[in-house]
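Here is how the chains run, residue by residue.
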Amino acid sequence: MELLDPTPVAEVRYGYRISDIRIFDLMFLIIVNVALFGEAIQCVTGFSYCDEIATIYLVVCAVFTNGGRRAHLEHISTVSKCSLLLLFFVCLIGVFGNLFGGVNVAMPAILTDLFTCCKFPVALIASIYACPSSRVLSSAFEFEARLLILIMAFLGLANLFFDFGMGSEPRFGLRASFVFVFDHPTYLVFCVAGLVAYLMKSMEDNLPYIAVGLFVACLSLRSKAFAFAGICLFLLITFGKRGRLSFWHFLFGFMVVFFIGYDQFVNYYQSSGVARAELARQSVAVAGDFFPLGSGFATYGSAVTAQLCYYSPLYFNYGLSSVWGLAPGASSFLSDTFWPTVMAQFGYFGVIVFTVLLIALFAMCYLAEKGSRLAVVCAFAYLLISSTSESAFFNPSAVYIAMCMGLAISSGRAIRS
């Protein structure tokens, strides 16, 4: 079936027309698009709360509507509660770090950073409960994902030859990195990673679109996109019909990422005076000096500390204020790391708790619906890959990835119902 066939995907696959979509489905589709294009909306309008709106919407839906699926959630409720408990401990560690660490930080910055830390776990947990098990919504978003991928592929190819405002700096001898409607290629990769992960829930039907989507991600000319494409291709070949991860998946997946990203790792983390390398190096010193709970929220590597009014004193204390990209008023690289931020702000103990939290969140999604496991694995794989070079789980676009996982899981339930 051609994508532009006038008969809607929903009607062909499930016997429904997209015009049959309910108000609740339509609202959910709008909100996931708000999260998807949040960075582009911010660039055009200056409005920067799209991910917050999406998170609050998910929580409201989970608490007050539950997507009409109360009977289907008992088997993951225990893991969800464990995840929430672990998130509470992470927040508690951060607050105690602020109380006893002695770093002078304004309360608005602490609250902003605390919410940033909570957004992805809360959005992901809420999405499991909030996403409606709707065949029409599943088909509508699948249709949109396919259409977006084809549009981006056409524009991405054109961007290699013509300048029409959708490219950034040249890389690897090519004219320009593709950004689509976003301000930076990393948000394009986030966009495609969510769409590809969602399409993985019906791998056989969507294989051509998945392949094109991975190609579009690579047009960003970012190593994280190449690593993500490599992992997805590896999983498509090896995951199999049983839908189970094995030790070999982790081992060979790590080898794929290491092989593709090693040069970038050396470039960013083994060179003195480079922002990421210095943030990583000094995070260990901060964790040691503020042992065992770290320095607290809004003190190190978080996006809010890039604002001049909330610039952390620790950057002066550890010599980071003189590093290019980390200086006061010119700190565009301050939030380009994830694990160093966790290490410094939450300490060694916090790193352990946060790692267990991510494992619990993955287990929650992995066990929720067998048919969506490949989608969940791919989404988490991208976030883990991106955590080596950006804020990843703290990134505003992580809420969109959470919604894609929730939609993939609810889609599997809709098909079985």
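The coordinates are above.
Because the structure is a prediction, the values reported are computed rather than measured.

*Asks:* What am I meant to see in helix α12 (residues 275–289) here?
*Replies:* Since the α-helix packs 3.6 residues into each turn, any two residues three or four apart lie on the same face. Its 15 residues give α12 an end-to-end C-alpha distance of 21 Å, which sits within 8% of 21 Å, the value for a rise of 1.5 Å per residue. Those residues of α12 lying buried are A275, R276, A277, E278, L279, Q282, S283, V286 and A287.

*Asks:* Can you help me understand the pattern of salt bridges in this one?
*Replies:* It is possible for side chains bearing opposite charge to pair when their charged atoms get close. Counted according to the given criterion, the structure contains nine salt bridges. E169 serves as the salt-bridge partner of R222, at 2.6 Å between the closest nitrogen and oxygen. You can see R222 sitting in the loop between α9 (203–218) and α10 (223–238) and its partner E169 sitting in the loop between α7 (135–159) and α8 (185–199), a full 53 residues away along the chain. Between D336 and R276 there is a salt bridge; the shortest N-O distance is 3.7 Å.

*Asks:* Hey, could you run me through unusual backbone geometry in this one?
*Replies:* Glycine aside, residues mostly have negative phi, and peptide bonds are mostly found in the trans state. Across the junction of F291 and P292, the peptide omega takes the value 0 degrees, indicating a cis bond. With respect to the helices, strands and loops of the structure, P292 is situated in the loop between α12 and α13 (314–317). In this structure, F172 takes a positive phi of about 55 degrees despite not being glycine. By the element assignment, F172 lies in the loop between α7 and α8. Judged by its relative accessible area of 54%, F172 falls in the exposed class. Positive phi is not limited to glycine here, since F180 has a value of about 60 degrees. You can call F180 buried: its relative accessible area is 7%.

*Asks:* Looking at this structure, how should I read the packing of α10 against helix α15 (residues 373–386)?
*Replies:* Axis angle and axis distance: for two packed helices, these are the angle between their axes and the distance between the axes, and together they describe the pair. Where α10 contacts α15, the axes come no closer than 10 Å and their chain directions differ by 155 degrees. Considered as vectors, α10 and α15 are oriented roughly antiparallel to each other. Helix-helix and strand crossings are classified by hand; for α10 and α15 the assignment is right-handed. Contacts between α10 and α15 involve K224, A227, F228, I231, C232, L235 and L236 from the former and L374, V377, C378, A381, Y382 and I385 from the latter. Of the residues that constitute the contact of α10 with α15, the class distribution is 12 nonpolar, no polar and one charged.

*Asks:* Looking at this structure, how should I read the packing of aromatic side chains?
*Replies:* Each aromatic ring pair is specified by the distance between its two centres and by the angle formed by the two planes. Per the stated rule, a full pass over the model turns up 26 aromatic pairs. Between the aromatic rings of F141 and Y198, the centroid separation amounts to 4.8 Å while the plane-to-plane angle is 75 degrees, which identifies the pairing as edge-to-face. A residue pair is termed long-range when its members are at least 10 positions apart, and F141 in helix α7 and Y198 in helix α8 qualify at 57 residues. For F141, a relative accessible area of 0% gives the class buried. Taken together through their ring pairs, the aromatic side chains of F120, F338, W339, F354, F362, Y366, F380, F393 and F394 make up a single cluster.

*Asks:* Help me out: how do you make sense of the environment of F141 in this one?
*Replies:* Sequence-wise, F141 and L195 are 54 residues apart; in three dimensions their C-alpha atoms are separated by 9.1 Å. Residues contacting F141, with those up to four places away along its chain left out, are L29, V32, L195, Y198, C404 and L407.

*Asks:* Can you help me understand the side chain of E39 in this one?
*Replies:* Mapping E39 onto the fold places it in helix α3 (residues 38–45). In this structure, E39 is buried with no salt-bridge partner, the nearest side chain bearing the opposite charge being R222 at 12 Å. With near-sequence residues (within four places) excluded, E39 lies in contact with F182, D183, H184 and Y187.

Criteria and cut-off values
- Residues numbered from 1 in each chain as written.
- Predicted model: local features only at pLDDT ≥ 70, side-chain atom pairs only at ≥ 80, totals over all residues.
- Heavy atoms only, no water.
- Helix = DSSP H or I, 4+ residues; strand = E, 2+ residues; numbered from the N terminus.
- Expected span 1.5 Å × (residues − 1).
- Buried < 20%, exposed > 50% of the residue type's maximum accessible area, 1.4 Å probe, protein only.
- Salt bridge = Lys/Arg side-chain N within 4 Å of Asp/Glu carboxyl O.
- Axes fitted to C-alpha atoms, helices over the stretch in contact; angles between N-to-C directions.
- Parallel < 35°, antiparallel > 145°, perpendicular 65-115°, else oblique.
- Left-handed = near helix turned anticlockwise from the far one by under 90°.
- Contact = heavy atoms within 4.5 Å.
- Nonpolar A, V, L, I, M, F, W, Y, C, P; charged D, E, K, R; others polar.
- Phe/Tyr/Trp six-rings, centres within 6.5 Å; stacked < 30°, edge-to-face > 60°.
- Lys, Arg positive; Asp, Glu negative; His and termini not counted.

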